[in-house]
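# Observations on the model geometry
Now for the letters of each chain:
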Amino acid sequence: MVSESVWIVGTSRSGKTTRIAEMFCHWLQIDNQDIESFDTKTPNEKKAKSTKKTSTLRQAEPGVLVLAANDDNRRELADKIITLTSGKYPIRAKTTLGFFQDEVILFWPLLIESLQIKAQFPVRLRPETEQELATKLWRSQLDAETLRRAGLNENRLVRRILDLWQLGAYSGIGCEDITQILESGLQENTSNLEPELLGALLLNWRNRCLERGLLTYGLITELYNQHLLTNSDYQQRLRHRYQAIIADDVDDYPAIAHNLFELLLDGGAVGAFSYNPDGAIRYLLGADPQYLQRLAQRCRVENLIGSPTDSLAATLVKPMVELVTEPMAMFSLSASVQPIQTASRAQLLRQTAEVIIDGIKSGKVEPEEIAIIAPGLDAIARYTLIEILTKQNIQVECLNDQRPLISSPVVRALLTLLTLVYPGLGRLVDRDAVAEMLVVLSQSNTDHGEKQEFIDPVRAGLIADACFVPHPDTPHLLPIKSFERWDRIGYGASKAYDQILQWIEQQRSQHQPHLPLTPIFLIYKAIQDFVCKNNNPPYETLAALRELLETAQHYWEVDNRLRQTGKILLSLHTQQTLTTTITEFIQLLRRGTITANPYPVRPIGSARKAVTLATIFQYRASRKFHRWHFWLDAGSPLWAKGGAATLFGATLFLRDRLGEPWTAADEQLAEEQRLKRIIADLLARVSEKIYLCHSDLAVNGQEQLGPLLPLVHSCSSKVLR
């Protein structure tokens, strides 16, 4: 490939992704043209030169490293490249962390040799599993006094400490150097925890993971940057595999991605990088846009000038930014920006929903052309909006809904089922849980073309009162005739209950102490026999079930690895029974740390006809575009925070100010810059109308005086309903 690297700068929706995809096609065309131009050579020269160029072209298929900021953008970028090349050169796009993970696993034997660790295949830990195991390891050191000084509960403190390791790894800082960074950057009034303690805890946890082949995100990132990128054998293989780099939205990449790109560019690779000055969505969440911007010095810079012509950015970015940053700015916004103002938030949610309903019913806009964007979505707002809109047959799609897995009734029912099959779980089940299980499982018992038989909540409560026998070791259900007035239950409910009872007894009979029935198999069989038997559950239910199966499989995979080490990691006992493992699995789910986000299944056909509901962070990360925007809680101070809480200590690991204290002036400047980026980014993603939805009082009753309040006051007209 004979071309120079390109640094493409442009605002949101300015065509950056399309441009870097075109660069890929341009590189391939150069190779094809070179091959065709060899006709003037002698036959021997032509044959030799053709062989050489054909080899280069063949290397171009797997030889292009394609990276994207997140998983959704990764799929879109891959599709765009495949479409432009007519599928002749299939590529595999990755996120940065996904690429690091694949490389660490692929070159694990090299790491075993260089680190002198036990030769065993690595097992990746999910964040929630990592947190649980780290909590057990650190519990003796995180006593009540330490938690009191930190002002956090145990779970939040453990998560904060683990995030420090991830932030350090992202910036290229080794785990052993985190203590020094914290000592130089943390002010006394910022944290009451000793940096030495935090560093010692992380080193202990890292060493435990290495000993047992457990890969966390922090360890994956650190191993890749500290031990693979610095290994001469790996460097040689990497340069041989990749002769070109395509990296989209590098403003959301961690600092160590810069190290990877520099290594490839030094080895002769050519790169195409896109950078959005209004992006940096993951700033202070692991991204380091300032450090990545240094790559521009090694590239030919292309500026995609101008805002998208089909958006409001061209006319509204400048006045809106001036209104929120200049206290003396006094002018009115255009009619494309309208306010929805109420006294209370309850009124605001209802009026917002009514404006949406009116727009859809009158034919002015379609549901899929509307987005409701909020700095933070509490359960009340989400439920209220969904309830009002769905009653009018308007579907609502929540982007990346982070509701706990345990909030699904089907998941709770399946966990209750586990407590009735396996011994020793009686303290995890009660009468109400049994009643809910009967309702959920019986509702899925349908026959071909026959009327559905189910147990309603009232009958379920009566059955649970009469037939459920609690016991610490062997809780069980009695036959329906144990209830004196069982005839009042009805034939359909009685038959459904008998089916559930027979199923439980059958599984119990198959469960042998020396050959226990795998909980994963039991969950899958229950889903097959009850939830999905002659029935097609809605997508939300299927997503929860898939995540439950994935979580269970991951949990038992980790459990098996810990057993293989000869002693159980972090356990207070030398032997851990299946009952204990199931108990901890159920308790982990009940703490609500796992959400229903399984590996995504891409929709086929047109997009769902539904109103989009998302936080600022979720909406910007999805890079969507709509005709109408509803900016919910426009007076909230959270707009300056970007709709996402920044990670503790994230400012200390920015490469251009490594270890420097973060002052109040720094915070004010960062919030002002973040607000400008949010306004510019959102305006580039709306084409027709923006509604600023503001209530004088927040959900907690406090007056809302956020940074967008001047925009509400400057709207030129009121909403007419």
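Refer to the structure presented above.
None of these values were measured; they are calculated from a predicted model.

So, on to the overall build of the protein chain. Looking only at helices and strands, the protein chain features 27 helices and 16 strands. Burial statistics for the protein chain: of 721 residues in total, 53% are counted as buried. Put simply, 80% of the contacts in the protein chain that link residues at least 6 apart link residues at least 24 apart. Of the roughly 33,100 Å² of accessible surface on the protein chain, 50% is carried by carbon and sulfur atoms.

What follows deals with the sheet that holds strand β14 (residues 611–615). With respect to topology, 6 strands assemble into an open sheet ordered β9-β16-β15-β10-β14-β11, the strand pairing being parallel. The outermost strands of the open sheet, each flanked by one partner alone, are β9 (337–342) and β11 (396–398). Strand-to-strand, the axes of this sheet are offset by a mean angle of 20°, without reference to chain direction. In this sheet, β14 lies alongside β11 in parallel orientation, the contact comprising 3 bridges. From the neighbouring strand, Glu 397 faces β14, where its bridge partner is Thr 612.

Looking only at helix α9 (residues 178–185), the buried set comprises Ile 178, Thr 179, Ile 181, Leu 182 and Gly 185. Down the axis of α9, the buried set is contained in an arc of 165°. They therefore lie on one face. Where the residues of α9 are buried, they touch α8 (154–171) and α10 (195–212).

Before going further, it helps to spend a moment on the nonpolar core. Trp 138, Leu 260 and Phe 261 are the most contacted members of the largest nonpolar core, which has 88 residues in total. Of the residues forming this core, the biggest block, 8 residues, is contributed by α8. Among residues more than four places away in sequence, those in contact with Phe 261 are Leu 67, Ile 245, Ala 247, Val 250, Tyr 253, Phe 273, Leu 292 and Leu 295. Counting residues in each nonpolar core, the second largest holds 60 residues, with Leu 420, Ala 460, Ile 504 and Phe 530 among its members.

Moving on, we get to the environment of Phe 530. Within the fold, Phe 530 resides in helix α22 (residues 519–531). Placed 31 residues apart in sequence, Phe 530 and Gln 499 show a C-alpha to C-alpha distance of 9.7 Å.

This paragraph deals with the sheet that holds strand β3 (residues 93–95). In space, the 6 strands of this open sheet follow the order β3-β2-β6-β7-β1-β8, with parallel pairing throughout. The open sheet has two free edges, formed respectively by β3 and β8 (300–304), since each of these has just one partner strand. Taken over all neighbouring pairs, the strand axes of this sheet differ in orientation by 20° on average, direction set aside. As paired strands, strand β1 (residues 6–10) and strand β7 (residues 270–275) are joined by 4 bridges and run parallel to one another. Bridge pairing in β7 links Val 9 to Tyr 275. Along the sheet face, helix α3 (residues 71–84) touches β2 (64–68), β3 and β6 (244–247) and points at about 135° away from the line of β2.

Time to look at the side chain of Gln 618. Along the chain, Gln 618 turns up in helix α25 (residues 616–622). For Gln 618, a relative accessible area of 17% translates into the label buried. A distance of 3.5 Å separates a polar atom in the side chain of Gln 618 from the backbone oxygen of Leu 399.

With that settled, consider the packing of helix α16 (residues 345–361) against helix α17 (residues 379–391). Where α16 meets α17, the axes come as close as 10 Å, and the angle between the chain directions of the two elements is 35°. Along this stretch, α16 crosses α17, giving a crossing that reads as right-handed. In this structure, α16 uses Arg 345, Leu 349, Arg 350, Ala 353, Ile 356 and Ile 357 to contact α17, whose residues at the interface are Ala 381, Thr 384, Leu 385, Ile 388 and Leu 389. Taken together, the residues that form the contact of α16 with α17 break down as 8 nonpolar, 1 polar and 2 charged.

Reading the values: rules and limits
- Residues numbered from 1 in each chain as written.
- Predicted model: local features only at pLDDT ≥ 70, side-chain atom pairs only at ≥ 80, totals over all residues.
- Heavy atoms only, no water.
- Helix = DSSP H or I, 4+ residues; strand = E, 2+ residues; numbered from the N terminus.
- Buried < 20%, exposed > 50% of the residue type's maximum accessible area, 1.4 Å probe, protein only.
- Contact = heavy atoms within 4.5 Å.
- Areas by Shrake-Rupley, 256 points an atom, 1.4 Å probe, with all protein chains shown as cover.
- Pairing = 2+ DSSP bridges.
- Axes fitted to C-alpha atoms, helices over the stretch in contact; angles between N-to-C directions.
- Arc of directions from axis to C-beta.
- Core = buried A, V, L, I, M, F, W, Y, C linked by side-chain atoms within 4.5 Å.
- Polar contact = N/O pair within 3.5 Å; in protein donor to acceptor, adjacent residues only side chain to side chain.
- Left-handed = near helix turned anticlockwise from the far one by under 90°.
- Nonpolar A, V, L, I, M, F, W, Y, C, P; charged D, E, K, R; others polar.

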